[in-house]
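This is what each chain is made of:
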Amino acid sequence: MAVDKSLPVEVSPPQEREIMDHMGHMDEMQFINDEETGIPFFHRVDSADLVLYAPRKKRAKMIGKYLMGDLLGEGSYGKVKEMLDSENLCRRAVKILKKKKLRKIPNGEQNVKREIQLLRKLRHKNIIHLVDVLYNEEKQKMYLVMEYCVGGLQEMLESAPGKKFPIWQAHGYFCQLMEGLCYLHSQGIIHKDIKPGNLLLATDGTLKITDLGVAEQLDLYIPGDVCRTSQGSPAFQPPEIALGLETFLGFKVDIWSAGVTLYNMTTGKYPFEGDNIYKLFENIGRGEYTIPEECGPLLTDLLRGMLQHEPEQRFTLQQCRIHDWCRKKHPRTEPATPLPPLPDTEDPTRSMTVVPYLEDLHGDQDYEDEEEEEERAIQEMVQSGYGRRGEACQEDPPLEPDDKSSTSIQHGPATTASTSSIGSKSRFSKVRKISSCKQQ
Amino acid sequence: MSVLCSCVSRARVGISPPDTVQASPIQSASTIPLAPAESDHTSPSPALSPSEVIPASCPWCNMTEYQHEPQYYHIIVRIAVACKGATSVFLAKHRPTDTFVSIRRTNLDHFSLDYDIYTGLQHEIHMTRLFHHGHILPYHCTFVSGNELWIVAPFMSFGSCRDLINSHFTDGLGETTIACILRDVLLALDYIHKMGYVHRSVKGTHILISERGQVCLTGLRHSISMMGGGYCRWERVGSLHEYHCNSINTLPWFSPELLEQNLIGYDTSTDIYSLGITACELANGIVPFSDMPATQMLLEKLNGTMPRLLDATTLPNVDDDALTSAGGDSGIGGSMATSSMMRSEQLPYQRVFSPQFHEFVFLCLQREPADRPTASQLLTHSFFKQVRRKSAENLIELLHPIKPLTETPHWPKDADGSIENNIAKIEELDLKDEEEWDF
C-alpha cells in the first residue's frame, strides 16, 4: 500500500489529521479497478466557456492544505487545476480524477494507479514530480498534486510560426528529453508515449516529461526490454507496433517516438500521416518518409538514425546523446518561441491564478457583509459537523473571509487586532493559529 | 556518500593561507574597500581585555591548521539541533590552539536526512569554500568522521541578530547598531552579487556577530547561481525561477517576485528586499508579516503592502484614543505594534528613527525589483553616514552591557569540575528560543 504512506498526515491541522488517519485504511483497490485508455494531456478550454464563470465571485476552496486556483485544462479523466500550497506558498498543479469518469475510460484506473506508483519513485529534474496524493472518498475523487508547469511544448508549437521551433530551441528541449529518457530507462521504465503534448515546461524552461499513464516498468528479473502492450499516440508509434508485432523492444519504442517528436519540433510536420489510424499505421509500417532539406546533414542523420525501420538498427539512447547534432552548439539566430498567453487571462507572465481566491480568503470587504458571512460560515460548520470523526477527507466548503484582524491591518485601528484573536470564530482563524504557532 | 566525501576532501585542500585570501583578485575586484574590516583581526579591539585576546583565533587571517580529526576538538556543550535532528551544533574548543569553535555534526545515516538536506549541505560547503569575504562566515575545515559530517567554523559568540533580539532587545536594536550590522551585510551581499550569486535567505538568524563585533553573513545553503538553469546552461541568465519548497521559515523575508513564481522570475534584487525586511526585523524586534498566515502575507506582498519601521512617526499614539482610530494608515505596522506593546513598555511609540533609515527601508522594499537600488548603491546611502568608525569596534560598544557567550563568568575555570552547571547555564542562554535552528 505504497499509496497510503504519503498522505500528508504531518501537515494537516489536528482535525484533519484524524480524517487522514482514517483514510489510511481506505482500500485503494476499490478505488482503482476499471478499464480505460491512454490519458490525453490537458487541452485548452475555449475561452467562451469561461465567460460563464467570470461574473461569479471566486470562492476560496481548500483541499487539505492546498488552495484551489483556476482551471488549467480538462481531459477525459478529469480536470487539471492550479493550486497553491498554503504552507510553503509553492505553486502546484493538480489532476483531479473522478472515479466515475475513470470507469468509462478503458484501463483508466489501472493506468492511474501505475502512474502514481511510477512517479512516486522517480526523481529527476526532467521528470514531472508527484508531490502529494489526496483522496476524497465521499466525492469519489482523487487529487494528484504535481509540480507546477507553466505550459507545454504542444501549445507553443501550435502558436509558433510554421508550427516549429528555432533549431537552437528545439535542440535545448531535445537534449533535456534525452536526459529525462535516459533516467527513465535507467530505472527500467519505458514511457511509450513520448510526444510534444507530454512534454511540459517549468517556469525556468526546464523540460518535464509527464504522463506515465501508459508507461511500463520492466521486470527486474527478466533480462532485456521485451514489451507486449502499447497504448501510446498513433502518430508516434514505431513500425513494430504499427505492424502489430506480438513482442517488441521497449527502449527502441521511446527512441522512435522521440525521433518523431524531434522531427515535429524542427520541421513543423509529422514524418508519417494518414487520414485514419489504419492508413497511418500502414504508412508507418511501410517506413517511407522524407526529411526536408533545410534540416541539414547532421539533423538528417540523427533523424534517420532514430527513425530506422528495424529496431535493431535504430540508434540507442547513447548514440543519440553523443550524436554530433546534440553536441553542437547551435547559434541563437532567431528569437525563442515564447509560451502563448493563456487564452482566458491573456497574461503573458502566467502569474498565479489563485490571487482572486486569496482575496476571497483574506481580502477586505464591507464590514456588515463580512460579519454576515462569518455567521453563515459558523452555521455551515455546525451543520456540516466540521471536525467530526470519520468523515474521510471532507472537501472543505468555500472558506469565508477572514476575521477582522486581517482587514484591520488595512484600516489601521490597532485596537481591533487585539480583539481579533478572541473574537474571530471563522474556520480560517483556526488554521491561522496553527500556522502562526509553527512559525515561532 | 562518495560525492560528499570528494567534496570534503577538495575542501580540505582549499584552506588557503591568509595572504592569498587578502590578495585574491575577487576581493580586490570589489569596488568597496574592505580594509577596515580586514584590519580588525590583526589589532585587538580596545573593548577586549588582554586576557580575552586570542592570538591565532581569527578565522580570516590565521595560519592555524585545523585538523580533520575529532580528537583535536574538545566538545563542550550542544548548542542547538537542526535538520530534523540529524544535525547537532556544538560549542567546542580546538585543543592545539585552545580557541572556541562551533562544530556542526551531521549524522549522514540519519533517517530524516532526505535528499534535499543532503544536497543542501553539499551546496553550502561548496559555497562557503567559494566565497572569501570578511563578512561571510568561513569554515575552518570540514571532514567526515565515521558516519558524521563535521563542519568546524569560528564560534560567533554574540550569536545571531535574532538571538540578540530574543534575549535582550525585544523591541528592536538601536539605529546605529543596525546601521553597523546592515553595512557589513551589504558588503557581503555586494560581493555575493558580483560573484553572480543570489543569497535568497538574508534574515536575522543568518547574521552572526563574533566576540570582536565582526558581522558575518551565513546561510549559504539557499544561495543560487545566476549562471545556467533550464536549457541555457553556462550563460548568465536574466532571471531565476527556482522556488524552494522547504523554506517555510524564510517566507516573510521573500520578495514578492520570488513568491510570485511566474515567467518573469527574480534576480539579485530579491536579496535587497529581504534586507529591507531584515532591517524592519532588527528595528522592530518582530518580523513583518509574521502575525498572519502565509497566504495572507502573499496577498499583502503581491498587493504592494510595504512594511515599515515602528517609531513615533509611523505609530499612532496609544494614549490618544482619537488618534488611534484616525491613524489608519500605519500599514502592517499597526497590528504588529499592538502585539509588541502587549509585552513591553511603550518604547516603540517614543523612539524616532532617522528619516534616512526610513528612506533606506522604503527603497529596499519597493514592489518593483527594478526600483530597488543595488547593494553597491545602497552602501553609499546616507543612512550609513552614522557609521563613522570601524563597525566592529562600534558594535562592541553599542552592545556594551551584553557579553558574548564565551565570557560567561567562571566559565572555563571551574575548579570543582561542575561543568554541568555551566552547560545548564549555556543551554539556558542559548536554547531558550530556538529548539530547531534554521540554517
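Fair warning: this is a prediction, and the values are worked out from it, not measured in the lab. (Residues numbered from 1 in each chain as written. Chains lettered and ligands numbered in written order. Predicted model: local features only at pLDDT ≥ 70, side-chain atom pairs only at ≥ 80, totals over all residues. Heavy atoms only, no water.)

(A) Representation of the overall build of chain B. A tally of helices and strands in chain B yields 17 helices and 11 strands. Taken across its 439 residues, chain B has 61% of its residues classed as buried. The long-range fraction of contacts in chain B, counting pairs at least 24 apart against all pairs at least 6 apart in sequence, stands at 71%. Roughly 17,500 Å² of accessible area belongs to chain B as shown, and the carbon and sulfur atoms make up 55% of that amount. (Helix = DSSP H or I, 4+ residues; strand = E, 2+ residues; numbered from the N terminus. Buried < 20%, exposed > 50% of the residue type's maximum accessible area, 1.4 Å probe, protein only. Contact = heavy atoms within 4.5 Å. Areas by Shrake-Rupley, 256 points an atom, 1.4 Å probe, with all protein chains shown as cover.)

(B) Local environment of unusual backbone geometry. Residues and elements named next belong to chain B. One non-glycine residue, Asp-98, lies in the positive phi region at around 60°. As for its placement among the helices and strands, Asp-98 is situated in the loop between β2 (87-94) and β3 (99-107). What makes Asp-98 partly exposed here is its relative accessible area of 48%. Positive phi outside glycine occurs at Gln-261, with the angle close to 50°. Note on placement: Gln-261 falls in the loop between α8 (256-260) and α9 (269-284).

(C) Summary view of the sheet that holds strand β7 (residues 151-152) of chain A. All names here are of chain A. Strands sit in the order β7-β9-β10 across an open sheet of three strands; the sheet is antiparallel. The open sheet is flanked by β7 and β10 (207-209), the only strands paired with a single partner. Of the strand pairs in this sheet, β7 and strand β9 (residues 199-201) are connected by two bridges, and their pairing is antiparallel. Note on β9: the bridge partner recorded for Gly-152 is Leu-200. In the packing of helix α8 (residues 167-186) onto the sheet, the strands contacted are β9 and β10, and the crossing angle to β10 comes to about 40°. (Pairing = 2+ DSSP bridges. Axes fitted to C-alpha atoms, helices over the stretch in contact; angles between N-to-C directions.)

(D) Structural detail: the packing of helix α10 (residues 250-267) of chain A against helix α12 (residues 296-306) of chain A. All names here are of chain A. Between α10 and α12, the least distance of the axes is 8 Å, while the angle of their chain directions is 145°. Crossing hand, α10 versus α12: left-handed. From α10, Ile-255, Trp-256, Ala-258, Gly-259, Leu-262, Tyr-263 and Thr-266 reach across to α12, where they touch Leu-299, Leu-302, Leu-303 and Met-306. Among the residues making up the contact of α10 with α12, the classes are represented as nine nonpolar, two polar and no charged. (Left-handed = near helix turned anticlockwise from the far one by under 90°. Nonpolar A, V, L, I, M, F, W, Y, C, P; charged D, E, K, R; others polar.)

(E) Up close: the packing of aromatic side chains. Residues and elements named next belong to chain B. Tallying each qualifying case throughout the model produces 17 aromatic pairs over all chains. Residues Phe-131 and Tyr-191 carry aromatic rings whose centres are separated by 5.8 Å and whose planes lie at 75° to one another, so their mutual orientation is edge-to-face. With a gap of 60 residues between them, Phe-131 in the loop between α5 (115-130) and β4 (141-145) and Tyr-191 in helix α7 (residues 175-194) connect regions that are remote in the sequence. No difference in accessibility class separates Phe-131 from Tyr-191, as the two residues are buried. A ring pair is formed by Phe-353 and Phe-357, whose centres lie 5.3 Å apart and whose planes are at 90°; its orientation type is edge-to-face. Phe-357 shares its class with Phe-353; the two are buried. (Phe/Tyr/Trp six-rings, centres within 6.5 Å; stacked < 30°, edge-to-face > 60°.)

(F) Structural context of the sheet that holds strand β8 (residues 207-209) of chain B. Residues and elements named next belong to chain B. Reading across the sheet, the three strands line up as β6-β8-β9 and stay open at both edges, with antiparallel pairing between neighbours. Edge positions in the open sheet fall to β6 (159-160) and β9 (215-217), since each of these has one partner strand only. In the sheet, β6 pairs with β8 via two bridges, with the strands oriented antiparallel. Residue pairing across strands places Ser-160 opposite Leu-208, the latter belonging to β8. The sheet contacts of α7 involve β8 and β9, and relative to β9 the element is tilted by about 40°.

(G) Inspection of the confidence of the model for chain B at higher detail. When pLDDT is averaged along chain B, the result is 75; 67% of the residues meet or exceed 70. For this predicted complex, the interface score ipTM comes out at 0.73, alongside a pTM of 0.73. (pLDDT = per-residue confidence, 0-100.)

(H) Molecular detail of the environment of B:Pro355. All names here are of chain B. Here Pro-355 shows up in helix α14 (residues 355-364). For Pro-355, a relative accessible area of 63% gives the class exposed. Sequence separation between Pro-355 and Ser-382 is 27 residues, and the spatial gap between their C-alpha atoms is 9.8 Å.

(I) Expanded view of the pattern of salt bridges. All names here are of chain A. Here the structure, examined in full by the defined rule, presents 23 salt bridges over all chains. Taking the shortest distance from any N to any O, the salt bridge between Arg-91 and Glu-82 comes out at 2.9 Å. Exposure remark for Arg-91: the relative accessible area of 2% places this residue in the buried category. (Salt bridge = Lys/Arg side-chain N within 4 Å of Asp/Glu carboxyl O.)

(J) Region of the structure containing the UniProt feature "binding site: ATP" (unreviewed entry) in chain A. Residue and element names in this part refer to chain A. Here the UniProt feature "binding site: ATP" (unreviewed entry) sits at Lys-95. Positionally, Lys-95 belongs in strand β4 (residues 91-98). Among the polar contacts listed, one links the side chain of Lys-95 to the side chain of Glu-115, at a separation of 3.5 Å. (UniProt positions renumbered as here; feature names shortened; annotations may be inferred. Polar contact = N/O pair within 3.5 Å; in protein donor to acceptor, adjacent residues only side chain to side chain.)

(K) Summary view of a positive patch on the surface. All names here are of chain A. Where like charges cluster on the molecular surface, the positive patch consists of Lys-79, Lys-98, Lys-100 and Lys-104. Mapped onto the elements of the fold, Lys-100 is located in helix α5 (residues 99-104). On the basis of relative accessible area, Lys-100 is assigned to the exposed category, the value being 66%. (Patch = residues over 30% accessible without salt bridge, like charges linked within 9 Å, V, L, I, M, F, W, Y side chains within 5 Å. Lys, Arg positive; Asp, Glu negative; His and termini not counted. Charge placed at Lys NZ, Arg CZ, Asp CG, Glu CD.)

(L) Broad picture of helix α15 (residues 355-362) of chain A. Taking burial as the measure, the eight residues of α15(A) include six buried ones, the bulk of the element. Among all positions of α15(A), only A:Val355, A:Tyr357, A:Leu358, A:Asp360, A:Leu361 and A:His362 are buried.

(M) Inspection of the pairing of β2(B) at higher detail. Residues and elements named next belong to chain B. Counting buried residues in β2 gives eight out of eight residues, a clear majority hidden from the surface. Neither face of β2 is left uncovered, since the one carrying Thr-87, Val-89, Leu-91 and Lys-93 and the one carrying Ser-88, Phe-90, Ala-92 and His-94 both have all their residues buried. The pairing of strand β1 (residues 73-82) with β2 spans eight bridges and is classified as antiparallel. In the strand pairing of β2, His-74 is matched with Lys-93. Linking β1 back to β2 in an antiparallel pair, the connection comprises four residues, with Cys-83 at a positive phi of about 50°. Across eight bridges, β2 lies against β3 in antiparallel orientation.

(N) Expanded view of the confidence of the model for chain A. Residue and element names in this part refer to chain A. Averaged over chain A, the pLDDT score is 75; the fraction of residues at 70 or greater is 69%. Taken as a whole, residues 1-40 scores under 50 in pLDDT and shows 102 contacts with residues more than four places along the chain or in a different chain. Counting contacts from residues 50-55, a segment whose pLDDT is below 50, to residues more than four positions away or on other chains yields two contacts.

(O) Summary view of the packing of α8(A) against α10(A). All names here are of chain A. Interhelical geometry of α8 versus α10 gives an angle of 165° and a closest axis separation of 10 Å. Here α10 runs roughly antiparallel to α8, going by the angle between their axes. In this structure, α8 meets α10 at a crossing whose hand is right-handed. Contact with α8, carried on its side by Ile-167, Ala-170, Tyr-173, Phe-174, Leu-177, Met-178, Leu-181 and His-185, involves Phe-251, Asp-254, Ala-258, Leu-262, Met-265 and Thr-266 of α10 and no other residues of that element. A per-class count over the contact of α8 with α10 returns 11 nonpolar, two polar and one charged. (Parallel < 35°, antiparallel > 145°, perpendicular 65-115°, else oblique.)

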